[in-house]
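Residue-level structural notes
This is what each chain is made of:
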Amino acid sequence: MEPDLVDHRLIHSLDVAAMGRRAASADAGARALFQVSTLDALFAGNLEGDLTFGELAAHGDLGLGTLDRLDGEMIALDGRFLRADADGNLAPIPPAARTPFAVVTRFRPSVSFGLDGPLDHAAFLRALDARLPSGTPACALRVDGDFERLELRSVARQPPGTSLAEAARQQHAFELRDVSGTLVGFRFPGYAQGLEVAGYHLHFADAARRRGGHVLACRPARVQVGLDPEGDLHVELPPGIELGPPDRSADERARIREAEEG
Ligand SMILES: [Zn+2]
């Protein structure tokens, strides 16, 4: 582990396993956040993972990610793994399917509260920030309720060698109005950029678990929020993947923003 990898608040708990995945997976079961690969690896075009969703399920019941070749957006909720196809239609993911990037946790909220909106996206995120216990390096969250509007996106399966940046330019954005459903996701600190999406990374599934995707923006009307602060991040790196330097150029940050925030 590189001592200058990330800020000390996270390095205390950041445990990077260069797989040896079988062995690493076996002892990682008790960890709070379990992450497969890194965002940087996706940017570099490593779009095929070697961890199955069946294996991922052993490490958490809530989370998000993608499938091999960026074949849609993944939403993990109540232990179910759902895929949003390019048009935002949800279907269960077979346990044998593999993921090149995912983060999951065993969700146990320690902070719960209601929000009465409507709130625009920025105000919503500020309301979440305001309730985060101070000193929390990372946090898992689940938000259930009614939304006036959601701007979502998904991605179609990419040809080999496509980078995340290229794929993002072909993303499918769509809108849902007046729906009930659930947001799941994480808040990561700025210094985790590259490992993860810094700030909030949220995916959505509607109440019928029929429509969903990666959240570009939302407008909650009345929702119930659960926060699960996490101090421990376990990252499993596929063979050949290394962690990049923590400090990013403005170009790199813009590239990540473009890909993740649409
Ligand atoms: Zn996403």
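Okay, so let's go over this structure.

Rules of the game
- Residues numbered from 1 in each chain as written.
- Predicted model: local features only at pLDDT ≥ 70, side-chain atom pairs only at ≥ 80, totals over all residues.
- Heavy atoms only, no water.
- Donors = N, O, S within 2.8 Å, 3.2 Å for Na, K, Ca; no water.
- Buried < 20%, exposed > 50% of the residue type's maximum accessible area, 1.4 Å probe, protein only.
- Salt bridge = Lys/Arg side-chain N within 4 Å of Asp/Glu carboxyl O.
- Helix = DSSP H or I, 4+ residues; strand = E, 2+ residues; numbered from the N terminus.
- Polar contact = N/O pair within 3.5 Å; in protein donor to acceptor, adjacent residues only side chain to side chain.
- Phe/Tyr/Trp six-rings, centres within 6.5 Å; stacked < 30°, edge-to-face > 60°.

1. Side note on the coordination of the zinc ion
Tetrahedral coordination by four donors puts the ideal angle at the metal at 109.5 degrees, and octahedral coordination by six puts it at 90 or 180 degrees. The protein atoms donating to the zinc ion are H201 (NE2), H203 (NE2) and H214 (ND1), with metal-donor distances spanning 2.1 Å. Here the donor residues of the zinc ion are spaced in sequence according to H-x1-H-x10-H. Exposure remark for H201: the relative accessible area of 5% places this residue in the buried category. Overall, the relative accessible area of 1% leaves H203 in the buried class.

2. Considering the pattern of salt bridges
If you walk through the whole model with that rule in mind, you get 11 salt bridges. A salt bridge links E48 to R69, with the shortest nitrogen-to-oxygen separation between them at 2.5 Å. Linking E48 in the loop between α3 (39–43) and β3 (51–52) with R69 in the loop between β4 (62–66) and β5 (73–77), this pair joins segments that are 21 residues apart in sequence. A residue is classified by how much of its surface remains accessible, and E48, at 47% relative accessible area, is partly exposed. Exposure remark for R69: the relative accessible area of 18% places this residue in the buried category. Where R83 meets D71, a salt bridge forms, and the shortest distance between an N and an O atom there is 3.0 Å. On the criterion of sequence distance, the pair formed by R83 in strand β6 (residues 80–84) and D71 in the loop between β4 and β5 is long-range, its members being 12 residues apart. A residue is classified by how much of its surface remains accessible, and D71, at 18% relative accessible area, is buried. Among the ionic contacts, a cluster of salt bridges with common partners joins R149, E151, E175 and R177.

3. Comments concerning the side chain of H214
With respect to the helices, strands and loops of the structure, H214 is situated in strand β14 (residues 212–230). The exposure class of H214 is buried, given its relative accessible area of 2%. Of note is the side chain of H214, whose polar atom sits 3.3 Å from the side chain of H201.

4. Here we look at the packing of aromatic side chains
Scanning the entire structure with this criterion turns up 3 aromatic pairs. Summarising the aromatic geometry, the rings of F147 and F204 are spaced 5.4 Å apart at their centres and angled 80° between planes, so their arrangement reads as edge-to-face. Residue F147 is located in strand β11 (residues 138–154), and its partner F204 is located in strand β13 (residues 199–206); the two are separated by 57 residues in the primary sequence. Here F147 falls in the buried class, since its relative accessible area comes to 1%.

5. Here's the deal with unusual backbone geometry
Residue P118 is bonded to the preceding G117 through a cis peptide linkage, with omega at 5°. Looking at the element boundaries, P118 is found in the loop between β10 (111–116) and α5 (121–131). Located in the positive-phi region is D178, a residue other than glycine, with phi close to 50°. If you trace the backbone, D178 turns up in strand β12 (residues 172–188). Given the relative accessible area of 66%, D178 is considered exposed. Backbone geometry places R209, a non-glycine residue, at a positive phi of 55°. Mapping R209 onto the fold places it in the loop between β13 and β14.

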